[in-house]
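So the chains spell out like this:
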Amino acid sequence: MPSFLLLEAICIFLFSRVPPSLPLQEVQVSRETIGKIAVASKMMWCSAAVDVLFLLDGSHSIGKGSFERSKHFAITVCDALDISPERVRVGAFQFGSTPHLEFPLDAFPTQQEVKAKIKRMVFKGGHTETGLALKYLLGRGFPGGRNGSVPQLLIVVTDGKSQGHVALPAKQLKERGVTLFAVGVRFPRWEELHTLASEPTEQHVLSAEQTEDATNGLLSTLSSSGLCSTAAPDCRVEAHPCERKTLETVRELADNALCWRGSRWADAVLALRCPFYSWKRVLLTHPATCYRTTCPGPCDSQPCQNGGTCIPEGLGRYHCLCPLAFRGEANCAPKLSLECRIDLLFLLDSSAGTTLEGFLRAKTFVKRFLQAVLSEDSRARVGVAGYSRELVVVVPVGEYQDVPDLVRSLDSLVFSGGPTLTGSALQQAAERGFGSATRTGQDRPRRVVVLLTESHSQDEVAGPARRARARELLLLGVGSEAVRAELEEVTGSPKLVLVYAEAQDLFNQIPELQGKLCSRPLPGCQAQSLDLVFLLDASASVGPENFTQMQSFVRSCALQFDVNPDVTQVGLVVYGSQVQTAFGLDAHLTRAAVLRAVSQAPYLGGVGSAGTALLHIHDKVMTVQRGARPGVPKAVVMLTGGRGAEDAAVPAQKLRNNGISVLVVGVGPVLREALRRLAGPRDSLIHAAAYSDLQYHRDMLIQWICGEAKRPVNLCKPSPCMNEGTCVLRNGSYHCACRGGWEGPHCENRVLRCPQ
């Protein structure tokens, strides 16, 4: 072979061996925002009536690996779809040389079934006949769909290298009202994707190689049309600069080399310098605009104090890298706690006089205070309100799941910039600031309003503050040195005012505010005598892991009581395949012993009967012979998932008729009707969505138990008399009238008759 032909063959060979490179659609934002985009893609949900059809390229130009990535993208999108026959229907085609229906829109009614079918799809290969697949849909419509009576979405996942024309069938589909998304995979031809996609193309062209980003982009477009929504109200769809990149192979002149040109018929051979080319991969960038949804991140509120660095860890989670002096403390906070039982309302001035900077400083102070002093064991309940012209309660007292949820809720408190009407705000706070958290009499916790302001009021404050204090509200004032006198007028005492000269000094007031809130000890119910029995559902419907969480919850409740024979006695009954007394009321005389015994309670499995378990407590646990004490309040706390409770209403009422209070703690996403009936006429019911959420309801449970411990007691209910003796009330005490053959204070002794 002539040498110049050999050189040309080598060059062609080199070109054919260079693999094409992966193109990216990359949003040009910070790593933090990219993390927020990924998190937001998991917080979006589409439940409108819509038909969604995936058209997946299964041709040889895609390859099996990219086909698997296409399937992964489709499955990720399905995670956000409320799939059901009435709402979102999903179907799928695979196309190569010909279109192949994988499953119609009406084939699978649940998300799990659809995802499983997509996962089982097998790569078929063939030519890239995208246009043929679109023409098939033009002629046949969406198989199993609702004939255009609901919105139709066609999601084409392809490399954009069709071997036929796509423009006309794509245009005709869009004219019929089909919304068409073009999602690139492997090394797409972007111009063809733009031809396929609906307008505006920036919102309908995506890349499946970045699954979370593409899912966010698709769902963001659907959110703009009202078909999808986000779980958090603060999430927003925003335009971001982005680049579509393709790494292509180009020819580049490397050098000149000596070569020979000639002919077999010629006698002479001509020597020349011929160009020698190399092949180089070049990144080609195409600027674009991408629309993505972002949600506030866990670090936006700057939760890490004292110079700590916040590191986000996905959906609503973060951790703090703390300086050495604060390591081991939550959020690098000073080690404080709010142990007193109070209802606390923070009242933040959002008027123009305080300024936006001052308002944001006050809001950050409240966040840091809550993170520093509130914990899972805190007995305080907190609410937050802002004011200018009117009072706006953004977090009603006690209405939050946990401290992170409470802190996140503060983000909904916005600066209003109106007049400073502090007097009106105090009056409204006294009247409605505590809402459903208000109690009466001795059962009511101490109520506290913490006013934060840097601006003089434009209305009179002395009268409203005096009337608020007359309602037994403790008023505390936190503000700049300029408003010290007014805060003293509001609180009624200089000792109840915290002021700061420099803005940064505000955050040094956290320990002092904590001390003022808990300066007066409040009595709980630890000194109240009580016989308390926990009844745990240990059936197979609960499962061993959830049973373990119930045990943990009972232990945390037991920590709140003074366990000894003179104050609180605790018993535990479990039920499943049988009913079993784990330990009776008089079995353990200390709190430590009760905690150990709760941990050792058996999981039974099987099918449980709550009614049988309640009768067991009535007959064999809440009795004098089994350790129950006459004249002591008695309560049963039943924890169940609801199954097996259909027969429990009558036994529960039997316990109540006998002077024993019954509280039902129902666990599960849906509250069963049987548990509502079981709760009784006083609606003694607590509902937890999941067993892991029980911890958030502990304070409510303890409050209920303490309330029951203070109720009047009938000395004859339950009857302290054994062996069918009759209890008779007499002069503030009782007497047991025993049947023949029995005697003793409780008819506990058999009469022995000597033979004649």
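The protein chain goes by von Willebrand factor A domain-containing protein 2 in an unreviewed UniProt entry, where it is assigned to Sciurus vulgaris. The UniProt entry for the protein chain carries the following comment under Subcellular location (unreviewed entry): "Secreted". Among the UniProt annotations of the protein chain, the heading Subunit (unreviewed entry) holds the following wording: "Forms monomers and multimers."

(A) Structural view of the overall build of the protein chain. Along its length, the protein chain carries 20 helices and 29 strands. For the protein chain, the accessible surface area stands at approximately 35300 Å², while carbon and sulfur atoms represent 52% of it.

(B) Highlighting the packing of helix α15 (residues 544-558) against helix α20 (residues 698-709). Where α15 meets α20, the axes come as close as 10 Å, and the angle between the chain directions of the two elements is 50 degrees. In terms of orientation, α15 and α20 fall into the oblique class. Here the hand of the crossing between α15 and α20 comes out right-handed. Here α15 contributes F553, S556 and C557 to the contact with α20, which in turn contributes R698, L701 and I702. Taken together, the residues of the contact of α15 with α20 break down into four nonpolar, one polar and one charged.

(C) Region of interest: the state of the cysteines. Taken as a whole and judged by the stated rule, the model has six disulfides. The residue that forms a disulfide with C242 is C290, at a sulfur-sulfur distance of 2.1 Å. The sign of the 80 degrees torsion about the S-S bond sets the C242-C290 disulfide as right-handed. On the criterion of sequence distance, the pair formed by C242 in strand β10 (residues 236-262) and C290 in strand β11 (residues 269-294) is long-range, its members being 48 residues apart.

(D) Representation of the packing of aromatic side chains in the model. Here the structure, examined in full by the defined rule, presents seven aromatic pairs. Here F346 and F369 contribute two aromatic rings whose centre-to-centre distance is 5.7 Å and whose plane-to-plane angle is 70 degrees, an arrangement assigned as edge-to-face. Placement of the pair is F346 in strand β14 (residues 342-349) and F369 in helix α9 (residues 355-373), with a sequence separation of 23 residues. By the burial criterion, F346 is buried, and F369 matches it. Measuring from centroid to centroid gives 5.7 Å for F359 and F415, while their planes differ by 45 degrees, and the two rings are tilted. Of this pair, F359 sits in helix α9 while F415 sits in the loop between α10 (403-409) and α11 (422-432); the two residues are 56 residues apart in sequence, bridging distant segments of the chain. Accessibility expressed as a relative area gives 1% for F359, which makes it buried. Taken together, the ring pairs connect F346, F365 and F369 into an aromatic cluster. The aromatic ring of F434 is capped on one face by R447, whose charged end is 5.4 Å from the ring centroid.

(E) Seen up close, the nonpolar core. Among the nonpolar cores identified, the biggest contains 40 residues, and F534, V637, L639 and L694 are the most heavily contacted of them. At the level of secondary structure, the elements contributing two or more residues to this core comprise β20 (530-537), α15, β21 (568-575), α16 (591-599), β23 (634-640), β24 (660-667), β25 (685-688) and α20.

(F) Expanded view of α20. Across its twelve residues, α20 extends 16 Å between first and last C-alpha, which sits within 8% of the 16 Å expected from 1.5 Å per residue. Across the twelve residues of α20, nine count as buried, placing the element largely inside the fold. By the burial criterion, the buried members of α20 are R698, L701, I702, Q703, W704, I705, C706, E708 and A709. Along its buried surface, α20 packs onto β15 (381-387), β20, α15, β23, β24 and β25.

(G) The arrangement of the sheet that holds β15 in detail. An order of β16-β15-β14-β17-β18-β19 is seen for the six strands of this open sheet, with the pairing classed as mixed. Bordering the open sheet on either side are β16 (391-395) and β19 (497-500), each of which pairs with just one other strand. The sheet shows a mean angle of 20 degrees between the axes of neighbouring strands, direction not considered. For strand β17 (residues 446-453) and strand β18 (residues 473-480), the ladder comprises seven bridges, and the chain directions are parallel. Among the inter-strand pairings, V449 is bridged to a residue of β18, identified as L475. Against the sheet, α9 touches β14, β15 and β17, its axis set at about 160 degrees to β14. Across the sheet, helix α13 (residues 484-491) touches β17, β18 and β19, and the angle it forms with β18 is around 175 degrees.

(H) Local environment of the sheet that holds β24. With respect to topology, six strands assemble into an open sheet ordered β22-β21-β20-β23-β24-β25, the strand pairing being mixed. Each edge of the open sheet is held by one strand with a lone partner, namely β22 (579-583) and β25. Adjacent strand axes in the sheet meet at a mean angle of 20 degrees when their direction is disregarded.

(I) Structural detail: the pattern of salt bridges. Counted according to the given criterion, the structure contains 18 salt bridges. Salt-bridge contacts for E175 lead to K171; the nearest nitrogen and oxygen are separated by 2.5 Å. With E175 and K171 both in helix α6 (residues 167-175) and four residues apart, the pair spans about one turn of that helix. Residue classification places K171 among the partly exposed positions, given a relative accessible area of 46%. Taking the shortest distance from any N to any O, the salt bridge between E454 and R361 comes out at 3.0 Å. Of this pair, E454 sits in the loop between β17 and α12 (462-470) while R361 sits in helix α9, and the two are 93 residues apart along the sequence.

So, how was this worked out
Residues numbered from 1 in each chain as written. Predicted model: local features only at pLDDT ≥ 70, side-chain atom pairs only at ≥ 80, totals over all residues. Heavy atoms only, no water. UniProt positions renumbered as here; feature names shortened; annotations may be inferred. Helix = DSSP H or I, 4+ residues; strand = E, 2+ residues; numbered from the N terminus. Areas by Shrake-Rupley, 256 points an atom, 1.4 Å probe, with all protein chains shown as cover. Axes fitted to C-alpha atoms, helices over the stretch in contact; angles between N-to-C directions. Parallel < 35°, antiparallel > 145°, perpendicular 65-115°, else oblique. Left-handed = near helix turned anticlockwise from the far one by under 90°. Contact = heavy atoms within 4.5 Å. Nonpolar A, V, L, I, M, F, W, Y, C, P; charged D, E, K, R; others polar. Disulfide = S-S within 2.5 Å. Phe/Tyr/Trp six-rings, centres within 6.5 Å; stacked < 30°, edge-to-face > 60°. Buried < 20%, exposed > 50% of the residue type's maximum accessible area, 1.4 Å probe, protein only. Lys NZ or Arg CZ within 6 Å of the ring centre and 35° of its normal. Core = buried A, V, L, I, M, F, W, Y, C linked by side-chain atoms within 4.5 Å. Expected span 1.5 Å × (residues − 1). Pairing = 2+ DSSP bridges. Salt bridge = Lys/Arg side-chain N within 4 Å of Asp/Glu carboxyl O.

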